[in-house]
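What the coordinates show
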Amino acid sequence: MDTPIGWLKIRSEAGSIVELDHADEAAVMGGGADGDSLEDASGAIRQCVRELGEYFDGNRTDFEVPISLEHKGTEFQQKVWRRLRSIPYGETLSYKALAADCGGPNHSRAVANANGRNPISIIVPCHRVIASDGTLGGYTGGIGKKRRLLELEGLDIRSK
């Protein structure tokens, strides 16, 4: 899917989204997920594409498309991803606060690693996690994309 922040690869299994990740155009050419046309895509993928379009148009703050994280990641990573889903649209949480919520203040590095392994970006909003000093921190899709997503949600975050 082509979006204002670049191409996204979407994959579904058993009626749920299992992957939403940044990709280059060559990886997703063909108009839909994994090279299929959108007409041939699963209902979950069509719903995801529609909801992402609404999000990027500023008309959606919550996603309803079914997702599945159960078969991915460690128990700790899944705990982090569940917590990420509770960060409201247009708000941020620091890595330090996320670490405190998910295991203790010394878990910041583990939280950052779990963020980087998030298999369903945007819907599981790892872009809403920032450094304690208010700067962006890192982002698997790149800092420019993270900044753009936060700006779309009405936030203006400083660079490092």
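As a starting point, this report considers the structure included with it. What you see is a predicted model, and the numbers here were worked out from it, not measured in a lab.

With respect to the sheet that holds strand E3 (residues 16-23)
The sheet built from 3 strands is open, its strands ordered E1-E2-E3 with antiparallel pairing. With one partner strand each, in any of the chains shown, strand E1 (2-3) and E3 form the two edges of the open sheet. Pairing of strand E2 (residues 6-13) with E3 involves 7 bridges; the strand directions are antiparallel. Bridge pairing in E3 links Ile-10 to Leu-20. Against the sheet, helix H2 (residues 43-56) makes contact with E1, E2 and E3, and its axis sits at roughly 145° relative to E2, the strand it touches most.

Some points on the pattern of salt bridges
Pairing between side chains becomes possible if they bear opposite charge and their charged atoms approach one another. The final tally for this structure, using the stated rule, is 7 salt bridges. Where Glu-19 meets Arg-11, a salt bridge forms, and the shortest distance between an N and an O atom there is 3.2 Å. With relative accessibility at 17%, the residue Glu-19 sits in the buried group.

Examining the nonpolar core
Residues Ile-10, Ile-17, Leu-52, Phe-56, Leu-84 and Ile-122 are the most contacted members of the largest nonpolar core, which totals 37 residues. Elements supplying a minimum of two residues to this core: E2, E3, H2, helix H3 (75-85), helix H4 (95-102), helix H5 (108-116) and helix H6 (143-152). Excluding residues that lie within four positions of it along the chain, Ile-17 makes contacts with Ile-10, Arg-11, Ser-12, Ala-44, Ile-45, Cys-48, Val-65, Pro-66, Ile-67, Ser-68 and Ile-120.

Some points on H6
Looking only at H6, the buried set comprises Lys-146, Leu-149, Leu-150 and Leu-152. Down the axis of H6, the smallest arc covering the buried residues is 160°, so these residues share one side. Taken together, the buried residues of H6 touch H2, H4 and strand E5 (129-130). Just beyond H6, the residue with positive phi is Gly-154, at close to 90°.

Basis of the calculations
Residues numbered from 1 in each chain as written. Predicted model: local features only at pLDDT ≥ 70, side-chain atom pairs only at ≥ 80, totals over all residues. Heavy atoms only, no water. Pairing = 2+ DSSP bridges. Helix = DSSP H or I, 4+ residues; strand = E, 2+ residues; numbered from the N terminus. Contact = heavy atoms within 4.5 Å. Axes fitted to C-alpha atoms, helices over the stretch in contact; angles between N-to-C directions. Salt bridge = Lys/Arg side-chain N within 4 Å of Asp/Glu carboxyl O. Buried < 20%, exposed > 50% of the residue type's maximum accessible area, 1.4 Å probe, protein only. Core = buried A, V, L, I, M, F, W, Y, C linked by side-chain atoms within 4.5 Å. Arc of directions from axis to C-beta.

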